[in-house]
Amino acid sequence: MPIQKPIKHYLQFSDLTLDEYEYVIERARIIKRKFKNYEIYHPMIDRTLVMVFDKNSTRTRLSFEAGMHQLGGAAIYLNTRDSQLGRGEPVEDAGQVMSRMCDIIMVRTFGQDIIERFAANSRVPVINGLTNEHHPCQVFADIFTYIEHRGSITGKTVAWVGDANNMLYSWLQAAEVFGFHVNVSTPHGYEMDMSLVSTDRFTLFANPADACEGAHLVNTDVWTSMGYEEENAARLKAFDGWIVDSAKMARAAPDALFMHCLPAHRGEEVSADVIDGPQSVVWDEAENRLHIQKALIEYLLLGRI
Ligand code: CP
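Residues numbered from 1 in each chain as written. Predicted model: local features only at pLDDT ≥ 70, side-chain atom pairs only at ≥ 80, totals over all residues.

Labelled according to an unreviewed UniProt entry, the protein chain appears under the name Ornithine carbamoyltransferase, originating from Duganella radicis. Per UniProt, the protein chain carries the Catalytic activity (unreviewed entry) text "carbamoyl phosphate + L-ornithine = L-citrulline + phosphate + H(+)". Quoted verbatim from the Function (unreviewed entry) field of UniProt, the annotation for the protein chain is "Reversibly catalyzes the transfer of the carbamoyl group from carbamoyl phosphate (CP) to the N(epsilon) atom of ornithine (ORN) to produce L-citrulline." (UniProt positions renumbered as here; feature names shortened; annotations may be inferred.)

Printed below as a string of structure tokens:
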């Protein structure tokens, strides 16, 4: 199959239109069904994905690596600790070199500017596997998960309870694309950077329980990066009261879902009875990273097939 030209990157949620999202979601459904039925589907034979990790990962690495393998291709893992990237090789040079040896690249790094400079020098599609500002693949999988469980997300209300981070900024971009509303409640000192927000489809709430009122989906994220707990004691204090617990879920719509992109600290950002309870879809959410990213890789490389 011919490779799609001109190349298309996926660096933030707003990089695809609603029409493209609807197409990729339909492909994800089909690809997921094939996977569940042990049906061989190898459109990526002889194609290579390179995954560049500047930060740790479980889900992102596994879903991209397993996904590319399941599509018949190969996936190569590079981290900045044992590649020349971590020793000062310019990101522009890395983009040039890697894109001459592979077909598609996923990058997890710190600043959005880094992945944009990388992509500007790449001859092949680049996918954002998380930056400080955006996590589009995760929100894409979350929306697919919502649709699987409840149908269209258009017109619904999503509650965001926690600090303003890459997940929230991607949810806000998704609200603009899919036409839903986000109730945002962030602790004092952890508010949104408005330079990263380009929608008015949100309402700010000082009280996190109020943000959950009538919400169709309640979302939170880890407060302190795994492994940095000791350094973040002050942060935990600021987040006191922001735990998503059964009292907050009781304020949401009766059929509300709970999502968390994981990893999670039970008893901090979410109580165990919520994350392990009947409204939680966190395992489907994690699994759907695989199916959505396979469909995304297919779309970025082959277009509409
Ligand atoms: N949700 C997420 O991106 O998980 P990892 O950090 O494990 O990739």
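Peer 1: So what exactly am I meant to see when it comes to the overall build of the protein chain here?
Peer 2: Secondary structure assignment for the protein chain yields eleven helices and nine strands. For 305 residues, the compact-globule estimate of 2.2 N^0.38 gives 19 Å, and the protein chain sits close to it at 19 Å. C-alpha extents for the protein chain along the principal axes are approximately 50 × 45 × 35 Å. Counting across all 305 residues of the protein chain, residues that qualify as buried make up 45%. (Helix = DSSP H or I, 4+ residues; strand = E, 2+ residues; numbered from the N terminus. Rg over C-alpha atoms; globule rule 2.2 N^0.38 Å. Buried ≥ 20, exposed ≤ 12 C-beta atoms within 10 Å, placed from the backbone.)

Peer 1: For this particular structure, what's the right way to read the sheet that holds strand S1 (residues 48-53)?
Peer 2: What links the strands of a sheet is backbone hydrogen bonding, and the strands pair in either a parallel or an antiparallel sense. Spatial ordering of the open sheet is given by S2-S1-S3-S4, a layout of four strands whose pairing is parallel. If you trace the sheet from one side to the other, it starts and ends with strand S2 (74-79) and strand S4 (126-128), each paired once. Each neighbouring strand pair of the sheet contributes to a mean axis angle of 20°, computed without reference to strand direction. Of the strand pairs in this sheet, strand S3 (residues 104-108) and S4 are connected by three bridges, and their pairing is parallel. (Pairing = 2+ DSSP bridges. Axes fitted to C-alpha atoms, helices over the stretch in contact; angles between N-to-C directions.)

Peer 1: Is there a simple way to think about the confidence of the model for the protein chain in this case?
Peer 2: Low pLDDT means the predicted coordinates in that region are not meant to be read closely. For the protein chain, mean pLDDT is 96; residues scoring 70 or higher make up 98% of the total. Looking over the protein chain, one finds the lowest element-wise mean pLDDT in helix H8 (residues 233-238), namely 84, and the highest in helix H5 (residues 136-150), namely 99. (pLDDT = per-residue confidence, 0-100.)

Peer 1: I would appreciate a short explanation of the pairing of strand S6 (residues 181-185) in the present structure.
Peer 2: When a strand is regular, its side chains alternate between the sheet's two faces. The buried fraction of S6 is high, at four of five residues. Sheet topology note: the strand S5 (residues 157-161)/S6 ladder contains five bridges and is parallel. Within S6, the position partnered with Trp160 by the bridge is Val184. Of the crossover connections in this fold, the one passing from S5 over helix H6 (residues 166-178) to the parallel S6 is right-handed. The pairing of S6 with strand S7 (residues 202-204) spans three bridges and is classified as parallel. Each bridged residue has a counterpart across the sheet, and for Val184 the counterpart in S7 is Leu204. (Right-handed = clockwise from strand over helix to strand, strands pointing away.)

Peer 1: Can you walk me through the domain arrangement of the protein chain in this structure?
Peer 2: By convention, interface size is frequently given as the accessible area that disappears when the constituent parts associate. According to the domain assignment, the protein chain contains domain 1 (18-135 + 288-302) and domain 2 (137-285). Domain 1 and domain 2 are separated by 25 Å when their C-alpha centres are compared. Listed by partner, the interface residues are 18 residues for domain 1 and 18 residues for domain 2. Residues belonging to the side of domain 1 that touches domain 2 are distributed by class as follows: seven nonpolar, eight polar and three charged. (Domains from an automatic or database assignment. Contact = placed C-beta atoms within 7 Å. Nonpolar A, V, L, I, M, F, W, Y, C, P; charged D, E, K, R; others polar.)

Peer 1: Looking at this structure, how should I read the site of the ligand?
Peer 2: All residues adjacent to the ligand are Ser57, Thr58, Arg59, Thr60, Leu130, Gln138, Cys261 and Leu262. In terms of residue class, the shell around the ligand is made up of three nonpolar, four polar and one charged. Residue contributions to the shell around the ligand reach at least three from each of two domains, namely domain 1 (18-135 + 288-302) and domain 2 (137-285). (Near = placed C-beta within 6 Å.)

Peer 1: Would you take a moment to explain the UniProt feature "domain: Aspartate/ornithine carbamoyltransferase carbamoyl-P binding" (unreviewed entry) in the protein chain for this structure?
Peer 2: Mapped onto the present numbering, the UniProt feature "domain: Aspartate/ornithine carbamoyltransferase carbamoyl-P binding" (unreviewed entry) falls at residues 8-148. Secondary structure over residues 8-148 splits into 45% helix and 14% strand, and the C-alpha atoms at its two ends are 27 Å apart.

Peer 1: Can you help me understand unusual backbone geometry in this one?
Peer 2: Excluding glycine, residues mostly carry a negative phi; peptide bonds, for their part, are mostly trans. The omega torsion of the bond from Leu262 to Pro263 falls at 5°, within 30 degrees of zero and hence cis. Examined against the element boundaries, Pro263 turns out to sit in the loop between strand S9 (257-260) and helix H10 (272-275). Residue Asp46 is not a glycine yet carries a positive backbone phi of 70°. Within the secondary structure, Asp46 sits in the loop between helix H1 (18-36) and S1. The phi dihedral of Leu130 is positive, around 125°, even though this residue is not glycine. Structurally, Leu130 can be placed in the loop between S4 and H5.

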